[in-house]
Amino acid sequence: MEIRGDMLIGRAAVYGRAGALRAVDPASGEVLEPAFGCGDAGDVDRACRLAREAAPALRAASGETRARLLEAIAAGLLAAGNALLERAARETGLPPARLIVERGRAVGQLRQFAQAARRGLDAGAIVEPGQPGKLPPKPDLRSRRVAIGPVAVFGASNFPLAFSVAGGDTAAALAAGCPVVAKAHPAHPGVSELTGRVIQQAVADCGLPEGVFSLLIGDGHDIGLALVRHPAIAAVAFTGSRQGGLALLRAAALRPSPIPVFAEMGSLNPIFVLPHALAARAESLGAAWVDAVALNAGQFCTCPSLLLALEGEPLDRLRAAVVKAAAAKPAETMLTSAIHAGYQAALRRIRAAPGVAELATGQAATGPHAARLTLFETRADAFLAAPELSEEAFGPCALLVACRDLDQWFEVAHSLDGQLAAAMQLDEADLPLARELLPVLEARAGRVLANGSPNWVEVSPAMMHGGPFPAGSDSRATSVGLAAMDRFLRPVCYQNLPAALLPPQLADDNPLALWRRVAGEWRGD
């Protein structure tokens, strides 16, 4: 499959005329071919109009049709083979092994959403038969969820396959019956075009309207803001920086008809090391924390960049283990020059904060965009007095916070903003304290885990990948797992409709064999 530098607007390949951008290999600094034409407001308008025209047909499409579409995309990603992986490696600097795993994740979530669509999990059907003899008469009430309309999807920088053009947001939207207008991340336009062509072909093969999917390319903010402001767009899905997410939120809120923005904007993902676990496992906990922070140059929104523990001899042992483990970590290439520059600025910000000391470093950087692992330490009172230490530093950087006692430990916990994840390292003797800490973490994090690192987010129906602001723009929403469809569905209630007008999801004979709540009971007949 050839990369031509095109946008994909419906079934057409369009070379944008509003300037050009090129991908850069972050490991070498080499500028990659070809040049990609950037779109303008006219391209946005055409893509969004096509999406609006396609929306009724996709909303009405059977679950089987949507499932076949998602499965065709999954098959196409695999059929793209090494060409897709090699381009992803060139554009991101990510190692091939990581990209193979990520492609498997992308394929797996597409197939999970396909099964959800096939089983009608998007419908959420409820049937409450009327009781005309009741005083006052109870009407016949039935409800289902319907697709909200075209969704704007913004590709993420750090997951070019699983959180980008063919990633979880696109899979969830298509499963829900919503057309997608995707904006490629400017750091990996080649991967975006390749995956976009896979989706474009799958739409055609399934006989669906061309507006079910379009791909826009642009450098800067104008094309993204134009996409969010277009009246055809019904929702936005975004994974990226807080600055970028807030800009989209403002644009969506100022529309004549505001729309929801589901933005995942990163967090500190604190690890709380409980006292008995610290005493028993200080060395292994320190080494594991270093591994988690250093993984893929720390470029995960779930990187555990904050660790809290009580002062004392066990913490001294953890510090020593951290210093030893960090010294063995090589510097790794970051995704883009802009991300690398942002990481260096974050290091300067942390170093300038009062009461912060450098705890450990990895091996020195050698490549043009390589990042050196850097770990800092501060005391709890200094952390509480410096709000800038609660800002995410995207990259292999983390902060150890030493607390003099449990009161101070809980004070720090209560001070934290919303988080994607929070972890507890605990042993059985720590359970009473963990029970006390758990409600504090539940109030601040979308996911709470024990004895592990939050880095990897399992694609599962039970997963919650979101959190209170500023980790997410809507604390009720997840961008991973089957519940990610909920963002793009809205309920409609039907009162006293004749049987001939009822959608099949709500018909008395249940022709689609869905699981439904009927008169208060879940039934599959």
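Residues numbered from 1 in each chain as written. Predicted model: local features only at pLDDT ≥ 70, side-chain atom pairs only at ≥ 80, totals over all residues. Heavy atoms only, no water.

**Some details on unusual backbone geometry**
Rules: Labels follow the DSSP assignment, with helices taken as runs of H or I lasting at least four residues and strands as runs of E lasting at least two, numbered in each case from the N terminus.
Cis geometry is found at the peptide bond from Glu33 to Pro34, where omega equals -5°. One can find Pro34 in the loop between strand E3 (20-21) and strand E4 (36-37). For the bond from Leu135 to Pro136, the omega torsion is -10°, close enough to zero to count as cis. One can find Pro136 in the loop between strand E5 (126-128) and strand E6 (141-147).

**Things to note about the UniProt feature "domain: Aldehyde dehydrogenase" (unreviewed entry) in the chain**
Definition in use: UniProt positions are given in the numbering used here, feature names are shortened, and annotations may be inferred rather than shown by experiment.
The feature "domain: Aldehyde dehydrogenase" (unreviewed entry), as given by UniProt, occupies residues 21-453 in the numbering adopted here. Structurally, residues 21-453 is divided into 45% helix and 18% strand, and its ends, taken at the C-alpha atoms, are 37 Å apart.

**Looking at helix H1 (residues 41-60)**
Defined as follows: Expected span, for any helix, means 1.5 Å times one less than how many residues it has. A residue's bend is given by the angle between axes fitted to the 7 residues ending at it and the 7 residues starting at it. Three labels apply to residues, based on accessible area from a 1.4 Å probe with only protein chains included: buried if under 20% of the type maximum, exposed if over 50%, partly exposed otherwise in between. Residues adjacent in sequence count toward polar contacts only when both atoms are side-chain atoms; beyond that, a polar contact is any pair of N or O atoms within 3.5 Å, and within protein one must be able to donate a hydrogen and the other to accept it.
Over its 20 residues, H1 runs 29 Å from end to end, which matches the ideal 28 Å to within 8%, given 1.5 Å per residue. At Ala54, H1 shows its largest kink, close to 40°, and the proline Pro56 lies no more than four residues downstream. Here H1 has its buried residues at Asp43, Val44, Ala47, Cys48, Leu50, Ala51, Ala54, Ala55 and Leu58. The N-capping residue of H1, defined by a side-chain oxygen 3.1 Å from the backbone nitrogen of Gly42, is Asp40.

**A short note on the side chain of Gln505**
To keep things clear, this is the line we draw: A contact between two residues is defined here by any heavy atoms of the two lying within 4.5 Å.
Tracing the backbone shows Gln505 in the loop between strand E21 (489-495) and strand E22 (516-518). The contact partners of Gln505, leaving out residues within four places of it in the chain, are Ala123, Ala125, Arg144, Leu512, Leu514 and Arg516.

**Remarks on the packing of helix H3 (residues 81-92) against helix H6 (residues 189-205)**
Helices that pack against each other are described as a pair by the angle of their axes relative to one another and the distance between those axes. Put simply, the rule reads: A fitted line through C-alpha atoms serves as each axis, taken over the contacting stretch for helices, and the angle formed by two N-to-C directions is quoted from 0 to 180°. Oblique is the label for any angle not under 35 degrees, not over 145, and not in the 65 to 115 range, which are roughly parallel, roughly antiparallel and roughly perpendicular in turn. Here is the rule for handedness: rotate from the far helix to the near one, and if that takes an anticlockwise turn smaller than a right angle the crossing is left-handed, while a clockwise turn gives right-handed. In this count, Pro and Cys sit with the nonpolar residues alongside Ala, Val, Leu, Ile, Met, Phe, Trp and Tyr, while Asp, Glu, Lys and Arg are called charged and the others, Gly among them, polar.
Where H3 contacts H6, the two axes come as close as 8 Å, and the packing angle between them is 155°. Regarding the angle of H3 to H6, the classification is roughly antiparallel. Relative to H6, the crossing made by H3 is left-handed. Seen from H3, the contacting residues are Ala83, Leu84, Arg87, Ala88 and Glu91; seen from H6, they are Pro189, Gly190, Val191, Leu194 and Thr195. Here the contact of H3 with H6 is composed, by residue class, of six nonpolar, two polar and two charged.

**Looking at the packing of aromatic side chains**
The following threshold applies: Stacked, tilted and edge-to-face pairs are distinguished by plane angle, under 30 degrees for stacked and over 60 for edge-to-face with tilted covering the rest, among Phe, Tyr and Trp rings (Trp via its six-membered ring) whose centres lie within 6.5 Å.
This structure, assessed with the given rule, holds six aromatic pairs. Both rings, one in Phe262 and one in Phe488, keep their centres 6.0 Å apart while their planes meet at 85°; by these two values the pair is edge-to-face. Of the two residues, Phe262 is situated in strand E11 (residues 261-264) and Phe488 in the loop between strand E20 (445-450) and E21; the sequence distance between them amounts to 226 residues. Take Phe262 and Phe488: they sit in the same class, and that class is buried. Ring plane angle 90° and centroid distance 5.6 Å describe the contact between Trp409 and Phe410, whose orientation is recorded as edge-to-face. Across the pair, Phe410 and Trp409 agree in class, each one buried. Among the aromatic side chains, those forming a connected cluster through ring pairs are Phe159, Phe163 and Phe300.

**Notes on the sheet that holds strand E9 (residues 213-216)**
Applied cut-off: Should DSSP find at least two bridges between two strands, the strands are taken to pair.
Read from one edge to the other, the open sheet built from seven strands follows the order E2-E1-E9-E8-E7-E10-E11, with strand pairing classed as mixed. Edge positions in the open sheet fall to strand E2 (12-14) and E11, since each of these has one partner strand only. Pairwise comparison of adjacent strand axes, ignoring direction, gives a mean angle of 20° for this sheet.

**Examining the pairing of strand E10 (residues 235-239)**
So the rule is basically this: Looking down the strands as they point away from you, a crossover is right-handed if its path from the first strand over the helix to the second goes clockwise.
For E10, the tally of buried residues reaches five of five residues, placing the bulk of the element in the interior. Of the two faces of E10, the one lined by Ala235, Ala237 and Thr239 and the one lined by Val236 and Phe238 are each fully buried. The pairing of strand E7 (residues 151-154) with E10 spans four bridges and is classified as parallel. Looking at the pairing, Val153 lines up with Ala237 of E10. Across four bridges, E10 lies against E11 in parallel orientation. Bridged to Thr239 within E11 is Glu264. Read as a crossover between parallel neighbours, the route from E10 over helix H8 (residues 242-253) to E11 is right-handed.

**Re the environment of Trp409**
With respect to the helices, strands and loops of the structure, Trp409 is situated in helix H13 (residues 406-415). Spatially, the C-alpha atom of Trp409 lies 51 Å from that of Ala47, the residues being 362 residues apart in sequence. Trp409 has contacts with Phe272, Val273, Leu274, Leu308, Ala309, Leu310, Cys403, Leu433 and Leu437, leaving out every residue within four places of it along the chain.

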